[in-house]
Amino acid sequence: MWLSTLLAATLLSITASSSPTSNHTYTNPILPGWHSDPTCAHVPEHNTTFCATSTFIAYPGLPIYASKDLQNWKLASNAFNRPSQIPDLRNTTDQQGGIYAPTLRYHNGTFYLIVTYLGTDIQGLLFTTTNPYNNSAWTDPLVFTVTGIDPDIFWDDDGTVYVTSANSGSSSGNHIQQYSLDLTTGATGPIHNLWNGTGGSSPEGPHIFRKDGYYYLMIAEGGTELGHSETIARSRFRTGPWEAYPQNPLLTNRNTTQYFQTVGHADLFQDSVGDWWAVALSTRSGPAWKNYPMGRETVLAPARWEEGEWPVVQPIRGVMSGPLMSEGRGIALGEGGWIDQPDRVDFAPGSAIPAHFVYWRYPKTENFVVSPEGHPNTLRLTPSFYNLTGTPEFKPDDGLTLVMRRQTDTLFTYGVDISFDPEMDGEEAGVTVFLTQEQHIDLGIVLLQNNLSIRFRVEGRGNYDGPLPGQTISVPKEWQADTIMLEIQAVNDTTYAFSAAPSRNPGHKKVIGWADTRIVSGGSGRFTGALVGVYATKNGGAGSTPAYISRWRYQGQGQEIDYGRIVPSWTRSVASLED
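Since we're looking at a predicted model, the values are computed, not measured. (Residues numbered from 1 in each chain as written. Predicted model: local features only at pLDDT ≥ 70, side-chain atom pairs only at ≥ 80, totals over all residues. Heavy atoms only, no water.)

What about the overall build of the protein?
Counted only if it meets this: Strands are runs of DSSP state E lasting at least two residues, helices are runs of H or I lasting at least four, and both sets are numbered from the N terminus onward. For the radius of gyration, the atom set is restricted to C-alpha positions; the globular benchmark scales as 2.2 Å times the number of residues to the power 0.38. Each residue's exposure class comes from its accessible area (1.4 Å probe, protein chains only) as a fraction of the maximum for that residue type: buried when under 20%, exposed when over 50%, partly exposed otherwise. Only the protein chains shown count as cover for residues, and all accessible areas are computed by the Shrake-Rupley method using a 1.4 Å probe. In this tally Asp and Glu are treated as negative and Lys and Arg as positive; neither His nor the chain ends contributes. The location of each charge is read from NZ of Lys, CZ of Arg, CG of Asp or CD of Glu.
For the protein, the helix and strand inventory stands at 1 helix and 40 strands. Relative to its length of 579 residues, the protein is compact, with a C-alpha radius of gyration of 24 Å against a globular reference of 25 Å. A principal-axis box enclosing the C-alpha atoms of the protein has dimensions of 75 × 55 × 50 Å. Relative to its 579 residues, the protein shows a buried fraction of 61%. Put simply, the protein shows about 21,300 Å² of open surface, and 49% of that area lies on carbon and sulfur atoms. Put simply, the protein has 38 plus and 56 minus side-chain charges, and the middle of one group is 3 Å from the middle of the other.

In structure tokens:
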């Protein structure tokens, strides 16, 4: 049923919107916000490209995005969407632990998503599905003994399946290694050391391609910072010897003044008309590499790969040109919306929490209730014992009452209405820009010594070395009988403004505090990116008063694609926070 529906939709889309490819201008990033370690597979019979990215300890994880034209991307599903798939996530303490660097491939009608899980033990996980538009269609993973990190999955000409992974930083040296994998049992075969790169640090993120009688091995080198690059080698034989590309690196922006930096951890794919493309991660930071709250994002570059020749990839820029299909959305299926789509979430009765919302590890689901009895069109938050930071006694399974979405725009406005009548000191509900438990910026309604207050406070400092802001004010008495709107706005590429207003009179908005975006850049969140959302906490106290969240709104206003050059986030959008 799904396949017939998809094929019908595909034929309709091709008939309605496709045209022969010609060069079109587009902008990077294609997956804005925290979308690191991208991997893509093009499926010609669907005329669709699917991409996945890393999610570490965020849940749900491993988002699968789909596009007809490489410009418009829809959240098709989250491959990791049930605690039964990775039970250990609830105990992962490392803020940068969890799911690392997937590889997505399509083979004989099935999607394969292979990944390393870094928890109390390192495991290899292989998820599969025949329907990428449905969460429940993704399997529980096949667990196997992975060597190192960043596994790639590859089918050789004889049908044998091989995993290629990075044993970077081990006591035995840096090795790109390969071994067979039994897709039924998870058994692995003998390990072969392959090519270790051109001498750069941390050879990792390998991908194997078979083309024109060669095995091509593409890897990242130089670490995922300013020295990041992508290199490639080839061999007539699967295990080598390997010939390095004479023009390596294949892709990098190191030693440049470009706005897009840390380019690497790339993947290659060929579209339906034979054109080649590369995706990679990048940070919009310039070589100063200090201000990049959205972390590592996904960028796209045209490539050329002639028969018998090496691939050639255009360097990453904010504005690029390539042989794109005519622009069109053309995807009706999927769990979520378009990546550049504003949030207008009203938590209607019978609705679910949107598919692009994420938690920090597994949520205690009873703490998040949509439209509870007596409170329609709200999300009830039952406060967690610990606040977003926790204390030394905090254990990951204690859970945080915290739900968020990615910051996907340089300039944006995010706001919610909060109905909250705390009864005990320390009870708090609010909004946050969250990078990790060690780095976040919060604006909360809190009861302090029996005084209802609005508190603005910061945890951590990231790449920011100035004085940290903070402010607490009493809630004006004329506000207390109403819900209160809390708002976060990125007013420019370096500053967040945190504001509050009575919901019925937003014109009385007060800016409570300002925060530098470098506070949530780097530091303990060097692999992740900023999330914005809502939280409720007892701050270690005895209270249990719920908060009711309504009118969740996120509107992107601008993307910076080069120094000082900002383009509209979503020109098709007519929605606004005032609607």
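Back to the text.
Brief notes about the side chain of Gln 437
Short version of the rule: Polar contacts here mean pairs of N or O atoms no more than 3.5 Å apart (in protein, one a potential hydrogen donor and the other a potential acceptor; neighbouring residues in sequence count only if both atoms are side-chain atoms). Contacts are assigned to residue pairs with any non-hydrogen atoms lying within 4.5 Å of each other.
Looking at the secondary structure, you find Gln 437 in the loop between strand S31 (428–436) and strand S32 (439–448). Reaching out from Gln 437, the side chain makes a polar contact with the side chain of Arg 361 at a distance of 2.9 Å. Side-chain polar atoms of Gln 437 contact the backbone oxygen of Thr 389, separated by 3.4 Å. Apart from the residues within four sequence positions on either side, Gln 437 is in contact with Gln 95, Trp 360, Arg 361, Leu 388, Thr 389, Phe 394, Leu 400 and Glu 459.

Focus: the pattern of salt bridges
Note the following rule: Every case where a carboxyl oxygen of Asp or Glu lies within 4 Å of a side-chain nitrogen of Lys or Arg is listed as a salt bridge.
Applying the stated rule across the entire model yields 17 salt bridges. We note a salt bridge from Arg 234 to Glu 243, for which the minimum N-O separation is 3.5 Å. A residue is classified by how much of its surface remains accessible, and Arg 234, at 9% relative accessible area, is buried. Among the residues examined, Glu 243 registers a relative accessible area of 37% and is labelled partly exposed. Ionic pairing is found between Arg 457 and Glu 428, a salt bridge with its closest N-O pair at 3.5 Å. Separated by 29 residues along the polypeptide, Arg 457 in strand S33 (residues 451–459) and Glu 428 in strand S31 bring together distant segments of the chain. A residue is classified by how much of its surface remains accessible, and Glu 428, at 2% relative accessible area, is buried. One connected set of salt bridges, linked through shared partners, spans Arg 105, Asp 152 and Asp 267.

Quick notes on the sheet that holds strand S38 (residues 531–537)
For clarity, the threshold we go by: What makes two strands pair is DSSP finding at least two bridges between them. To get an axis, fit a line to the C-alpha atoms, keeping to the stretch in contact for a helix; angles then go from 0 to 180 degrees between the N-to-C directions.
Ordered in space as S29-S38-S31-S32-S33-S34, the 6 strands form an open sheet in which the pairing is antiparallel. Because the sheet does not close on itself, it has two edges, and the strands there are strand S29 (402–406) and strand S34 (471–474). Ignoring which end each strand starts from, the neighbouring axes of this sheet average 15° apart.

Topic: the nonpolar core
As a rule of thumb, soluble globular proteins bury nonpolar side chains together. Our working definition: Nonpolar cores are built from buried Ala, Val, Leu, Ile, Met, Phe, Trp, Tyr and Cys residues. Side-chain atoms within 4.5 Å join them into one set. Note: domain ranges come from an automatic or database domain assignment.
Among the nonpolar cores identified, the biggest contains 91 residues, and Tyr 414, Ile 441 and Tyr 496 are the most heavily contacted of them. Here this core spans two domains, and each of domain 1 (24–146 + 196–205 + 219–337) and domain 2 (340–567) adds at least three residues to it. Core analysis: the second largest hydrophobic core is formed by 40 residues, Tyr 245, Ala 301, Trp 305 and Val 313 among them.

Topic: the sheet that holds strand S6 (residues 74–80)
In space, the 4 strands of this open sheet follow the order S2-S3-S5-S6, with antiparallel pairing throughout. The open sheet terminates on both sides in strands that have one partner only, identified here as strand S2 (39–43) and S6. Across this sheet, the average inter-strand angle for adjacent strands is 25°, counted without regard to direction. As paired strands, strand S5 (residues 61–67) and S6 are joined by 5 bridges and run antiparallel to one another. Directly across from Gly 61, in S6, lies its bridge partner Phe 80.

Description of the state of the cysteines
Our working rule: The rule for a disulfide is simple: a pair of cysteine sulfur atoms within 2.5 Å.
Counted by the stated rule, this structure contains 1 disulfide. In this model, Cys 40 is linked to Cys 51 through a disulfide, with the two sulfur atoms separated by 2.0 Å. Here Cys 40 and Cys 51 share a disulfide; its torsion about the S-S bond, 105°, makes the bridge right-handed. Of this pair, Cys 40 sits in strand S2 while Cys 51 sits in strand S3 (residues 48–52); the two residues are 11 residues apart in sequence, bridging distant segments of the chain. No difference in accessibility class separates Cys 40 from Cys 51, as the two residues are buried.

Section: the domain arrangement of the protein
Which entries qualify depends on this criterion: A simple way to read buried area is as the amount of 1.4 Å-probe accessible surface that goes missing from two parts once joined, with both sides added.
Under the domain assignment, the protein is made up of domain 1 (24–146 + 196–205 + 219–337) and domain 2 (340–567). The distance between the C-alpha centroids of domain 1 and domain 2 comes to 29 Å. Each partner contributes to the interface: domain 1 provides 52 residues, whereas domain 2 provides 44 residues. Looking only at domain 1, the three residues that lose the most surface to domain 2 are Trp 34, Gln 95 and Gln 96, adding up to 19% of its buried area.

A closer look at the packing of aromatic side chains
Inclusion rule: Each pair of aromatic rings taken from Phe, Tyr and Trp, with Trp reduced to its six-membered ring, is defined by centres within 6.5 Å and is described as stacked if the planes are under 30 degrees apart, edge-to-face if over 60, and tilted in the remaining cases. Consider the ring centre and the ring normal. A charge sits over the ring if Lys NZ or Arg CZ is within 6 Å of that centre and within 35 degrees of that normal.
Scanning all chains against the criterion turns up 33 aromatic pairs. On the basis of an interplanar angle of 75° and a centroid distance of 5.0 Å, the ring pair of Phe 50 and Phe 111 is categorised as edge-to-face. A residue pair is termed long-range when its members are at least 10 positions apart, and Phe 50 in strand S3 and Phe 111 in strand S8 (residues 110–118) qualify at 61 residues. Judged by relative accessible area, which is 0%, Phe 50 ranks as buried. Relative accessible area serves as the criterion here: at 1%, Phe 111 is assigned to the buried category. With centroids separated by 5.1 Å and ring planes inclined at 40°, the aromatic side chains of Phe 456 and Phe 498 adopt a geometry described as tilted. Highlighted residues: Phe 456 in strand S33 and Phe 498 in strand S36 (residues 495–502), separated in sequence by 42 residues. Across the ring face of Trp 310, the terminal group of Arg 234 is positioned such that the distance to the ring centre comes to 4.4 Å. Positioned above the aromatic ring of Tyr 214 is the side chain of Arg 236, whose terminal nitrogen or guanidinium carbon lies 3.8 Å from the ring centre.

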